[in-house]
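In case you want the letters, here they are:
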Amino acid sequence: MPDPRQVLQEGQHVLEQLGSSDAPEVRVQRGRVLLSMALAFRASPGLGTSLGPAVDHARRALQELDGVEPNGAAEARLTLAHLLVEQGDPGSLDEALDLIVLTSRALSEQGDAVAAASLLNDQALVWLKLGDPVRATHLLKSALEAQQGFGDSLQARLEGAETHHLIARLPLYAATRAGMEEAAIDSALEHLERAEAAFR
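Parameters and conventions
- Residues numbered from 1 in each chain as written.
- Predicted model: local features only at pLDDT ≥ 70, side-chain atom pairs only at ≥ 80, totals over all residues.
- Heavy atoms only, no water.
- Salt bridge = Lys/Arg side-chain N within 4 Å of Asp/Glu carboxyl O.
- Helix = DSSP H or I, 4+ residues; strand = E, 2+ residues; numbered from the N terminus.
- Buried < 20%, exposed > 50% of the residue type's maximum accessible area, 1.4 Å probe, protein only.
- Contact = heavy atoms within 4.5 Å.
- Axes fitted to C-alpha atoms, helices over the stretch in contact; angles between N-to-C directions.
- Parallel < 35°, antiparallel > 145°, perpendicular 65-115°, else oblique.
- Left-handed = near helix turned anticlockwise from the far one by under 90°.
- Nonpolar A, V, L, I, M, F, W, Y, C, P; charged D, E, K, R; others polar.
- Expected span 1.5 Å × (residues − 1).
- Phe/Tyr/Trp six-rings, centres within 6.5 Å; stacked < 30°, edge-to-face > 60°.
- Lys NZ or Arg CZ within 6 Å of the ring centre and 35° of its normal.
- Arc of directions from axis to C-beta.

Before going further, it helps to examine the pattern of salt bridges. A full pass over the atoms with the stated rule returns 9 salt bridges. Between Arg30 and Glu64 there is a salt bridge, with the nearest N and O atoms lying 2.9 Å from each other. You can see Arg30 sitting in helix H2 (residues 24–43) and its partner Glu64 sitting in helix H3 (residues 52–65), a full 34 residues away along the chain. Ionic pairing is found between Glu86 and Arg42, a salt bridge with its closest N-O pair at 2.7 Å. Separated by 44 residues along the polypeptide, Glu86 in helix H4 (residues 70–87) and Arg42 in helix H2 bring together distant segments of the chain. For Arg42, a relative accessible area of 36% corresponds to the partly exposed category.

In C-alpha coordinates, the structure reads:
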(Lines give C-alpha, C1' and ligand atoms only; values in the text may rest on other atoms or scores of the structure.)
Protein backbone atom coordinates (compact mmCIF):
# COMPACT_ATOMS: atom_id res chain seq x y z
CA MET A 1 0.00 0.00 0.00
CA PRO A 2 1.44 3.44 -0.92
CA ASP A 3 2.65 5.64 1.90
CA PRO A 4 -0.20 8.13 2.55
CA ARG A 5 2.27 10.95 3.17
CA GLN A 6 3.94 10.33 -0.19
CA VAL A 7 0.56 10.24 -1.95
CA LEU A 8 -0.36 13.57 -0.39
CA GLN A 9 2.95 15.21 -1.32
CA GLU A 10 2.84 13.96 -4.89
CA GLY A 11 -0.85 14.83 -5.21
CA GLN A 12 -0.28 18.41 -4.09
CA HIS A 13 2.55 18.74 -6.60
CA VAL A 14 0.35 17.45 -9.44
CA LEU A 15 -2.48 19.83 -8.48
CA GLU A 16 -0.11 22.77 -8.63
CA GLN A 17 1.04 21.70 -12.09
CA LEU A 18 -2.53 21.22 -13.38
CA GLY A 19 -3.57 24.72 -12.36
CA SER A 20 -7.16 25.95 -12.54
CA SER A 21 -8.12 25.10 -16.12
CA ASP A 22 -11.78 24.15 -16.65
CA ALA A 23 -10.98 21.84 -19.57
CA PRO A 24 -12.79 18.51 -19.03
CA GLU A 25 -9.62 16.42 -19.27
CA VAL A 26 -7.91 18.61 -16.65
CA ARG A 27 -10.93 18.42 -14.34
CA VAL A 28 -10.81 14.63 -14.59
CA GLN A 29 -7.13 14.61 -13.68
CA ARG A 30 -7.68 16.99 -10.76
CA GLY A 31 -10.65 14.96 -9.58
CA ARG A 32 -8.72 11.70 -9.65
CA VAL A 33 -5.81 13.25 -7.76
CA LEU A 34 -8.12 14.80 -5.16
CA LEU A 35 -9.86 11.45 -4.70
CA SER A 36 -6.56 9.65 -4.13
CA MET A 37 -5.61 12.36 -1.62
CA ALA A 38 -8.93 11.92 0.20
CA LEU A 39 -8.19 8.22 0.61
CA ALA A 40 -4.63 9.00 1.71
CA PHE A 41 -5.92 11.39 4.39
CA ARG A 42 -8.29 8.63 5.56
CA ALA A 43 -5.40 6.15 5.73
CA SER A 44 -3.05 8.51 7.57
CA PRO A 45 -1.93 6.99 10.88
CA GLY A 46 -2.48 8.58 14.26
CA LEU A 47 -5.00 8.40 17.06
CA GLY A 48 -7.79 10.93 16.74
CA THR A 49 -6.91 11.84 13.16
CA SER A 50 -9.63 14.16 11.86
CA LEU A 51 -11.68 13.06 8.88
CA GLY A 52 -12.16 16.70 7.90
CA PRO A 53 -9.36 16.87 5.29
CA ALA A 54 -10.47 13.56 3.76
CA VAL A 55 -14.06 14.80 3.50
CA ASP A 56 -12.96 18.13 2.03
CA HIS A 57 -10.83 16.48 -0.66
CA ALA A 58 -13.56 13.96 -1.53
CA ARG A 59 -16.03 16.82 -1.86
CA ARG A 60 -13.64 18.73 -4.14
CA ALA A 61 -13.07 15.57 -6.19
CA LEU A 62 -16.82 15.21 -6.71
CA GLN A 63 -17.10 18.84 -7.83
CA GLU A 64 -14.39 18.24 -10.43
CA LEU A 65 -15.68 14.89 -11.73
CA ASP A 66 -19.41 15.57 -11.68
CA GLY A 67 -20.64 16.16 -15.21
CA VAL A 68 -17.41 15.15 -16.94
CA GLU A 69 -16.78 11.54 -15.86
CA PRO A 70 -19.83 9.60 -14.60
CA ASN A 71 -17.90 6.63 -13.20
CA GLY A 72 -15.42 8.87 -11.42
CA ALA A 73 -18.24 10.98 -10.01
CA ALA A 74 -19.97 7.85 -8.70
CA GLU A 75 -16.74 6.74 -7.03
CA ALA A 76 -16.26 10.18 -5.48
CA ARG A 77 -19.86 10.25 -4.22
CA LEU A 78 -19.49 6.88 -2.52
CA THR A 79 -16.11 7.79 -1.05
CA LEU A 80 -17.60 10.99 0.36
CA ALA A 81 -20.65 9.10 1.63
CA HIS A 82 -18.53 6.51 3.43
CA LEU A 83 -16.44 9.23 5.06
CA LEU A 84 -19.58 11.05 6.19
CA VAL A 85 -20.94 7.80 7.67
CA GLU A 86 -17.71 7.48 9.61
CA GLN A 87 -18.15 11.00 10.95
CA GLY A 88 -21.51 9.81 12.23
CA ASP A 89 -23.28 13.03 13.20
CA PRO A 90 -26.91 13.38 12.03
CA GLY A 91 -26.14 16.01 9.38
CA SER A 92 -23.35 13.90 7.89
CA LEU A 93 -25.55 10.79 7.88
CA ASP A 94 -28.37 12.63 6.10
CA GLU A 95 -25.96 13.87 3.43
CA ALA A 96 -24.42 10.40 3.08
CA LEU A 97 -27.85 8.88 2.50
CA ASP A 98 -28.65 11.45 -0.21
CA LEU A 99 -25.34 10.68 -1.93
CA ILE A 100 -25.88 6.92 -1.84
CA VAL A 101 -29.42 7.16 -3.19
CA LEU A 102 -28.28 9.52 -5.96
CA THR A 103 -25.46 7.14 -6.93
CA SER A 104 -27.79 4.15 -6.92
CA ARG A 105 -30.23 5.98 -9.20
CA ALA A 106 -27.42 7.00 -11.57
CA LEU A 107 -26.11 3.43 -11.77
CA SER A 108 -29.60 2.11 -12.51
CA GLU A 109 -29.99 4.64 -15.31
CA GLN A 110 -26.64 3.47 -16.73
CA GLY A 111 -27.97 -0.11 -16.74
CA ASP A 112 -25.68 -1.34 -13.93
CA ALA A 113 -28.38 -2.99 -11.82
CA VAL A 114 -25.89 -5.13 -9.86
CA ALA A 115 -23.88 -2.13 -8.69
CA ALA A 116 -27.06 -0.22 -7.85
CA ALA A 117 -28.44 -3.12 -5.81
CA SER A 118 -25.15 -3.43 -3.93
CA LEU A 119 -25.79 0.02 -2.44
CA LEU A 120 -28.83 -1.27 -0.53
CA ASN A 121 -26.42 -2.40 2.19
CA ASP A 122 -24.95 1.10 2.38
CA GLN A 123 -28.40 2.65 2.70
CA ALA A 124 -29.37 0.16 5.40
CA LEU A 125 -26.27 0.97 7.46
CA VAL A 126 -27.08 4.68 7.38
CA TRP A 127 -30.67 4.07 8.47
CA LEU A 128 -29.41 1.94 11.35
CA LYS A 129 -27.16 4.77 12.48
CA LEU A 130 -30.07 7.20 12.10
CA GLY A 131 -32.11 5.00 14.44
CA ASP A 132 -34.58 3.51 11.95
CA PRO A 133 -34.08 -0.30 12.07
CA VAL A 134 -37.45 -0.91 10.40
CA ARG A 135 -36.41 0.85 7.21
CA ALA A 136 -32.98 -0.80 7.42
CA THR A 137 -34.62 -4.22 7.68
CA HIS A 138 -36.72 -3.57 4.58
CA LEU A 139 -33.62 -2.56 2.61
CA LEU A 140 -31.66 -5.61 3.78
CA LYS A 141 -34.47 -7.93 2.71
CA SER A 142 -34.47 -6.23 -0.69
CA ALA A 143 -30.69 -6.71 -0.85
CA LEU A 144 -31.02 -10.46 -0.23
CA GLU A 145 -33.65 -10.72 -2.97
CA ALA A 146 -31.47 -8.77 -5.41
CA GLN A 147 -28.42 -10.90 -4.64
CA GLN A 148 -30.21 -14.01 -5.86
CA GLY A 149 -29.66 -12.71 -9.37
CA PHE A 150 -25.95 -11.98 -8.86
CA GLY A 151 -24.82 -15.55 -9.48
CA ASP A 152 -21.87 -17.03 -7.57
CA SER A 153 -19.34 -14.29 -8.27
CA LEU A 154 -16.95 -12.94 -5.65
CA GLN A 155 -18.94 -9.70 -5.60
CA ALA A 156 -22.14 -11.64 -4.87
CA ARG A 157 -20.50 -13.49 -1.98
CA LEU A 158 -19.05 -10.31 -0.49
CA GLU A 159 -22.32 -8.38 -0.81
CA GLY A 160 -24.21 -11.31 0.72
CA ALA A 161 -21.76 -11.50 3.61
CA GLU A 162 -22.20 -7.80 4.31
CA THR A 163 -25.98 -8.13 4.21
CA HIS A 164 -26.02 -11.05 6.63
CA HIS A 165 -23.60 -9.22 8.93
CA LEU A 166 -25.88 -6.18 9.02
CA ILE A 167 -28.95 -8.34 9.68
CA ALA A 168 -27.10 -9.97 12.57
CA ARG A 169 -26.59 -6.50 14.08
CA LEU A 170 -30.28 -5.55 13.98
CA PRO A 171 -30.98 -6.68 17.58
CA LEU A 172 -28.44 -4.06 18.71
CA TYR A 173 -30.64 -1.32 17.26
CA ALA A 174 -34.19 -2.61 17.67
CA ALA A 175 -35.92 -3.64 20.88
CA THR A 176 -36.77 -7.36 20.88
CA ARG A 177 -40.30 -8.34 21.84
CA ALA A 178 -40.65 -9.88 25.28
CA GLY A 179 -40.12 -13.63 25.16
CA MET A 180 -38.37 -13.46 21.77
CA GLU A 181 -34.88 -12.63 23.03
CA GLU A 182 -33.47 -16.13 22.55
CA ALA A 183 -34.94 -16.44 19.06
CA ALA A 184 -33.45 -13.07 18.11
CA ILE A 185 -30.01 -14.17 19.30
CA ASP A 186 -30.29 -17.48 17.43
CA SER A 187 -31.27 -15.65 14.23
CA ALA A 188 -28.37 -13.22 14.62
CA LEU A 189 -25.91 -16.09 15.08
CA GLU A 190 -27.31 -17.84 12.01
CA HIS A 191 -26.73 -14.74 9.87
CA LEU A 192 -23.21 -14.36 11.27
CA GLU A 193 -22.47 -17.94 10.26
CA ARG A 194 -23.75 -17.21 6.74
CA ALA A 195 -21.54 -14.15 6.56
CA GLU A 196 -18.52 -16.16 7.69
CA ALA A 197 -19.26 -18.92 5.16
CA ALA A 198 -18.77 -16.42 2.31
CA PHE A 199 -15.06 -16.23 3.14
CA ARG A 200 -14.37 -19.96 3.34
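There's more to say after this.
What follows concerns the environment of Asp22. As for its placement among the helices and strands, Asp22 is situated in the loop between helix H1 (4–18) and H2. Considered as a pair, Asp22 and Glu64 are 42 residues apart in the sequence and their alpha carbons are 9.0 Å apart. When near neighbours in sequence (up to four residues on either side) are disregarded, Asp22 contacts Arg27 and Arg30.

This paragraph deals with the environment of Gly88. The topology assignment puts Gly88 in the loop between H4 and helix H5 (90–109). Looking at Gly88, the relative accessible area reads 33%, which means it is partly exposed.

On to the packing of H2 against H3. Two numbers describe how H2 lies on H3: the axes approach to 8 Å, and their chain directions differ by 160 degrees. Taken together, the axes of H2 and H3 are roughly antiparallel relative to one another. For the element pair H2 and H3, the recorded crossing hand is left-handed. Along its contact with H2, which presents Arg27, Val28, Arg30, Gly31, Arg32, Leu34, Leu35, Met37, Ala38, Phe41 and Arg42, the element H3 presents Pro53, Ala54, His57, Ala58, Arg60, Ala61, Gln63, Glu64 and Leu65. Of the residues assigned to the contact of H2 with H3, the class counts are 11 nonpolar, 3 polar and 6 charged.

Right, let's talk about H3 for a bit. In this model, H3 (14 residues) spans 20 Å end to end at C-alpha, consistent with the 20 Å of a helix rising 1.5 Å per residue. Here H3 has its buried residues at Ala54, Val55, His57, Ala58, Ala61, Leu62, Glu64 and Leu65. For H3, the elements touching its buried residues are H2, H4 and H5. Immediately beyond the C-terminal end of H3, within one or two residues, lies Gly67, with a positive phi of roughly 90 degrees.

All told, the structure shown has 0 aromatic pairs when counted by the stated rule. Over the ring of Trp127 we find Arg135, and its NZ or CZ is 4.2 Å from the ring centre.

Structurally, the position occupied by Ala43 is in helix H2. Judged by its relative accessible area of 32%, Ala43 falls in the partly exposed class. Taking the C-alpha atoms as reference points, Ala43 and Ala54, separated by 11 residues in sequence, lie 9.2 Å from one another.

The terminal C-alpha atoms of helix H7 (residues 133–147), which comprises 15 residues, lie 21 Å apart, in line with the 21 Å expected from a rise of 1.5 Å per residue. For H7, the complete set of buried residues consists of Pro133, Ala136, Leu139, Leu140, Ala143 and Gln147. Buried residues of H7, viewed axially, fall in a sector of 120 degrees; they line one side. Every exposed residue of H7 that faces more than 90 degrees away from the buried side is listed here: Val134, His138, Lys141 and Glu145. Against the buried residues of H7 lie helix H6 (113–129) and helix H8 (154–169).

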